[in-house]
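A look at the structure
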Amino acid sequence: MSLVEDKEPVIVHARSLVQSISEITSSLVCIDREQENFMEIGSYLERTSPVIMELQTNSSYATEILQAISKNIDLAKNLVGKCLKGADSIPDMEFRSILQNLEGVIKNIGLGLSLIPFSAFRNQEYAEVAVQSLSREMKNVHIEINHVQASDPKETLQISPLEHLLDEEVENDLYSVQVNFPAENLQSTDMPLSIDFVREGRYIDHGKSSTCSLQAFPKVAKYKEPQYASFLCPLTGKIMDDPVTIESGATYERWAITEWFKKFEDGSADVICPATGRKLAVRTLNTNVALRTTIEEWKERNEATRIKVVRDTLSVARPDSVIFEALRYLQHLCKKKQYNKVEVRNIGMIPLLARFLKHKDENIRCATVEILQSLAEEDDESKEMIAKTDAISRTIKMLSSNHLPERHASLSLLLELSRSEQLYEVIGSVTGCILMLIMMKYNHYSDAFTAKQADEILKNLENSPKNIKCMAENGHLEPLLKHLIEEEMQLEMGSYLGEIVLGQDTKTFVAERASPALIKMIHSGKSLTRRAAFKALVKMSSYHPNSSILVKAGVVPNIIEEMFTPRIYNEPMSFLGESATILANILESGPALENLQVNRNGHTMESDYVVYTIVHMLKSSAPDEINVNLIRILLSLTKSPKAKSTLVSVVKESEASYTLIELIDSPHEELGITSIKLLISLAPYMGYTLSDRLCKTRGQPENLIKNPSEIERITEKHAVSANFLAKLPHLNLALNLSLFRKNTVPIILKAINDIQSGERMGKFSISYLEGLVGVLVRLTTAVCDPQILSLARDHNLTSVFTELLMTTSSDEVQRLSATGLENLSAESINLSKQPPAPPNKGPNLKKLQNFLSLSSSKGKRLQMCPIHKGPCSSQTTFCLLEAKAVKRLLACLEHENVAVVKAALSAICTLLDEKVDVDNSVTILSEMDAIKHVLKVLRKHKQEVWQKSLWVIEKFLMKGGDSFASEISEDRSLLSVLVSALHHGDIVTRRMAEKILKHLNRLPDFSTAEFLS
């Protein structure tokens, strides 16, 4: 048989005995009769368990000893079982016999322990002494039966205080053997032991008054240095705290002998020494320093022993009640003397205590926190040891406890720990700690103590810059703003302001508080401090509501000074980029430029000096970020008419326009976009200049329109590029021909088709579509050029615009499409002229007529247009009638957007031009109920469309006769519109209104035809 196989039965036997002991001790508590004796028996049995578990490692002699102990344990189990069935009903003599048998069991087990050889202790002398001491105690045990009758179960057992139980002399100041073994073999959840630790009187546990001796404490050995008779006061019989010696040489407790002397104050009897009986001539009390020192040292040594007992108790799994009372007693010792706290720390109990912060019982957790708080008071070494465990994180979790004492205790511990310089960041780095404390601080209405403690902790944590940043990120900004004005932390605080993300409700508050300090930091001679200030101001200025605050604080003059002071871009002290960003952010918020002072010389942001300087700072060789913000500033200046006029003049005269056009193709996306936006803003005032310079720039203008196959998605740059081309003067032939030669139109049509079909959709797709359609419209103004005319015919632009009228959700695209149709329709009369008649009517007349009715190129028959008086088609002559665009234009008159309505009216008006057959036009339009649409437009939009609408109505009245006059006069609102036009319209509108009223016989018509010759 192997050694392992040989040990296995011993291990099983040992664990079985320990389990039996646990069951017996659990049962003993339930016996009300002679409870103190049964608790003492249970204590001896419990103290035997570690020794039994130690025996399992020595199989050579353990079997015989374990068998002997086993017989006694079985006997004890039977005897206790009898008492459990009804101790009150057992006769006195029989009950006495049971107790005597149990006394014999304890003595026999003690005898068995004495048989353990020295080799079993593996040279651990303290273990041998402890076991042998326990053996002697058990062999000499004597159980005194105090009562033979059953006790009243309702009465609480009155048991002597612990001190008299510790009076027995023990050879050494030892503590119980520490043996590690599975907790399940020791713990019994049904063992509600109550412990009285060293407190005189009774110990209250969970509202129940209960006392028991230290012998009832599991695994507690009474290893105590013997006390001496000289320690006891003859009057009180207790150990003295303040011993004093009197004339007789006897020593007493100071307060006790003082009370004794009071009996003789009346002088009726001689003062005598209570111990010796001698008469005393004087009552002088002399402090016995030597004895007091000896007693104090004796107490310290024994309290150290008791601390070790508590440690060993907590080291092994115990019932919750045992753990709780052990912790409460340890707390009592820690409060008693500072030395005891040092001892707790020195024997390594802090990690052990930290484990109980995870306990399920809230009272145990609370008691543990209170002990740790006591240990941490004014002891940095204990604080460091606590920090090495997970106690801080566990304590922070306990802040959210619903158990108020636990939450308060956790706050007190955290407050004590937060006073340590080494723990500022340790505490603040725990996830959620600072946020939870902030919430508690501002929730003072529900719990004032919690709010006050949280506030104190936060103040301590402010000593760490990282904690201040975390506080600011969680909404507690006061520490950051407070330390911003302090030179020691100014750099860190300024940097944090530039990093943290503030809520909308706090951005303005921070700007008001921080901007004065940041302006002072700008003037600091320290580069890092200046950088932090500029970074913070960039962040603040990005929130537009802050702009007025920054302006009021005087930021703009300082920024202008920084920008206009000549420096090299990469110079360490140069912050041109940050300054430009701040100024651009402020100006984009829309302040009044004429009132925005920039220096002491009276210059404002719209002064020529400022505009010229900023324009000349714009260089293609400058860093991209600087150019972006300089252009943003110039864009903001265009909001002021004075500044815009100066800007246009400077850009025309300088190379700035070339620079802006060059920057269009910058790899920096934002730089290209801002450059184009500024060019679009300048286009109405210097469009021809920009067009010419654009055409002279390499790669332009074709680079403004990208082939759809070359781009993955439509970006903002694509959109603004197309719109820039559309905004440039339409009549610039050089630009139009350049677009023609670069074959741009097919690319545009392909991109429009992709967007319309849904293949390319995105945030900027509609804006891009508007720009593309605008570029096509610009070409319709140049169809007088043969090349552009051929282009418009080849791509059938009339059909393109007609289709866009109804298949887009963009008002601007509809407006542009109507404008494009207007431009093309205006050319229809010139493109559909009827050919001259042949000189004679010979046999070839019919052949010629047939020839004229056919398309020479495509073989399609050209219809004679009733409006344009010649052969027409949508593709070759751009005829709106043939393109079936008229009905769509009339539908656009129902649009809510007046710009779309006006463009549609303008296109329709081309069909009523003097060059066309107006009679036929009126007839055709009347068949489509055009006059009803126009009258409805007048009612809906009034002044905005007066001129075009009245012009159409006048044409109908002039050419349509009485039938149209009757229909028009039935509209009741027309008269009020006409009267209003007479009063408020321009001269052209008034004349048209007057003519219409005369046609409707609302005004007398003075005509020379009415006079006789």
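Just above sits the structure.
One structure accompanies this document, and this report is about it. The shown structure was predicted, so the numbers you read here are calculated from the model rather than taken from an experiment. (Residues numbered from 1 in each chain as written. Predicted model: local features only at pLDDT ≥ 70, side-chain atom pairs only at ≥ 80, totals over all residues. Heavy atoms only, no water.)

**Overview of the pattern of salt bridges**
- Per the counting criterion, the structure on display carries 36 salt bridges.
- Between Lys482 and Glu462 there is a salt bridge, with its nearest N and O atoms 2.9 Å apart. Within this pair, whereas Lys482 is found in helix H19 (residues 478-484), its partner Glu462 is found in the loop between helix H17 (448-461) and helix H18 (465-473), the two being separated by 20 residues in sequence.
- Across the salt bridge formed by Lys642 and Asp608, the nearest N and O atoms sit 3.6 Å from each other. With a gap of 34 residues between them, Lys642 in helix H28 (residues 641-653) and Asp608 in helix H26 (residues 608-617) connect regions that are remote in the sequence.
- According to the relative accessible area criterion, Asp608 is partly exposed, its value standing at 37%.
- Through salt bridges that share partners, Asp242, Arg254 and Arg292 make up one connected network. (Salt bridge = Lys/Arg side-chain N within 4 Å of Asp/Glu carboxyl O. Helix = DSSP H or I, 4+ residues; strand = E, 2+ residues; numbered from the N terminus. Buried < 20%, exposed > 50% of the residue type's maximum accessible area, 1.4 Å probe, protein only.)

**What about the sheet that holds strand S3 (residues 243-245)?**
- Reading across the sheet, the three strands line up as S4-S3-S5 and stay open at both edges, with antiparallel pairing between neighbours. Sheet topology places strand S4 (251-253) and strand S5 (286-287) at the edges, where each strand pairs with a single neighbour.
- Pairing geometry for S3 and S5, over two bridges, is antiparallel. Across the sheet, residue Thr245 finds its bridge partner in S5, namely Asn286.
- Contacts between helix H6 (residues 254-262) and the sheet are confined to S3, S4 and S5, with S4 contributing the most and set at about 95° to the helix. (Pairing = 2+ DSSP bridges. Contact = heavy atoms within 4.5 Å. Axes fitted to C-alpha atoms, helices over the stretch in contact; angles between N-to-C directions.)

**Observations regarding the packing of aromatic side chains**
- Summed over the entire model, instances satisfying the criterion amount to five aromatic pairs.
- Considering the side-chain rings of Phe564 and Tyr609, the 5.7 Å spacing of their centres and the 85° angle between planes classify their relative orientation as edge-to-face. Linking Phe564 in helix H24 (residues 555-564) with Tyr609 in helix H26, this pair joins segments that are 45 residues apart in sequence.
- For Tyr609, a relative accessible area of 37% puts it in the partly exposed group.
- Positioned above the aromatic ring of Tyr442 is the side chain of Lys441, whose terminal nitrogen or guanidinium carbon lies 5.3 Å from the ring centre. (Phe/Tyr/Trp six-rings, centres within 6.5 Å; stacked < 30°, edge-to-face > 60°. Lys NZ or Arg CZ within 6 Å of the ring centre and 35° of its normal.)

**Here's the deal with the environment of Lys85**
- Its location among the elements puts Lys85 in the loop between helix H3 (59-84) and helix H4 (92-114).
- Residues Lys85 and Ile31 lie 54 residues apart in sequence; the distance between their C-alpha atoms is 9.7 Å.

Any link to function would need more than the numbers given here.
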